[in-house]
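Structural overview for review
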Amino acid sequence: MTTVAVRKKRSLFTGGCLCGAIRFEARGAPGKPHTCSCKMCQRHSGAPTVAWVEFDKDAIAWTGPGGAPSVYRSSDYSSRAFCPACGSSIGAIDDAPVVALLLGSFDKTNSADLIPTGHSYRSTRPKWWHVEAAKPAT
C-alpha cells in the first residue's frame, strides 16, 4: 500500500453509541487530542477524565439509523451529544464549527492521531487519579 493510500485509509474514523443507533464517520485529520477532568466532562461521562478529539463539523457524517445524536445545551458555546436510546455520551457539538468526539465512542482507538497530547483541568481530577498525556516515542 502506498503512503498516500495509507493516509487516505487512516483519514476515516468510525464509531458510535452502545446500542448502535448513533453512528458516525469522521474524515480528515483529528485536531486537539486531549484529556479533560473538568466537572462538566466528569458529569457528562460519569468518569474522572475523558479523552477528546476534534473534527470540523463538515467532516462528520451521522450514519446510524438514529441520525444525529440528541444534545443538551451545557454552556454558552457548546452542547453535549448523546444517544437518546441508550444514553451513551458521544461528544460535544460546539457553536464554532467543531464537533469534539469522545475517544471511547470510536471503533478503533489505536491511531497515533488520537493519542492525547495534553490534559485540561488537572486541578479538578481526583488526587488519586494520574493522567499521562504524552505521545510515545516512535
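Throughout what follows, the structure given in this document is the object of discussion. Everything numeric here is computed off the predicted structure, so don't read it as measured data. (Residues numbered from 1 in each chain as written. Predicted model: local features only at pLDDT ≥ 70, side-chain atom pairs only at ≥ 80, totals over all residues. Heavy atoms only, no water.)

As for the side chain of S78
- With respect to the helices, strands and loops of the structure, S78 is situated in strand β7 (residues 78–82).
- S78 gets classed as buried once you look at its relative accessible area, which sits at 4%.
- Of the polar contacts made by the side chain of S78, one reaches the side chain of D94; its length is 2.6 Å.
- Dropping the residues within four chain positions of it, S78 is found in contact with R73, A92, I93 and D94. (Helix = DSSP H or I, 4+ residues; strand = E, 2+ residues; numbered from the N terminus. Buried < 20%, exposed > 50% of the residue type's maximum accessible area, 1.4 Å probe, protein only. Polar contact = N/O pair within 3.5 Å; in protein donor to acceptor, adjacent residues only side chain to side chain. Contact = heavy atoms within 4.5 Å.)

Things to note about the pairing of β7
- Most of β7 sits inside the fold, with four of its five residues counted as buried.
- Pairing of strand β6 (residues 70–73) with β7, which is carried by four bridges, proceeds in the antiparallel orientation. When the bridges of β7 are listed, R73 appears paired with S79.
- Taking the residues that link successive antiparallel strands as the turn, the β6-β7 hairpin has four residues.
- Of the pairings in the sheet, the one linking β7 to strand β8 (residues 89–94) comprises five bridges and is antiparallel in character. Residue pairing in the sheet places R80 in a bridge with A92 of β8. (Pairing = 2+ DSSP bridges.)

Focus on the pairing of strand β1 (residues 12–16)
- Sheet topology note: the β1/strand β2 (residues 23–27) ladder contains five bridges and is antiparallel. Within β2, the residue paired with F13 across the bridge is A26.

Looking at the sheet that holds strand β3 (residues 31–36)
- Spatially, the seven strands line up as an open sheet ordered β6-β7-β8-β9-β4-β3-β10, and their pairing is mixed. The two strands at the open ends of the sheet, each matched to only one other strand, are β6 and β10 (119–120).

Digging into the state of the cysteines
- Enumeration according to the criterion identifies zero disulfides in this entry.
- No disulfide involves C36; its nearest neighbouring cysteine sulfur is the one of C38, lying 3.7 Å away.
- Here C86 is not cross-linked by a disulfide; its sulfur's nearest cysteine counterpart is in C83, at 3.7 Å. (Disulfide = S-S within 2.5 Å.)

Some words on the nonpolar core
- Counting 19 residues, the largest nonpolar core has A26, F55, L101 and F106 as its most contacted members.
- The set of elements that each furnish at least two residues to this core consists of β2, β4 (50–56), β8 and β9 (98–102).
- Discounting chain neighbours no more than four positions away, the residues touching A26 are S11, L12, F13, F55, A59, I60 and L101. (Core = buried A, V, L, I, M, F, W, Y, C linked by side-chain atoms within 4.5 Å.)

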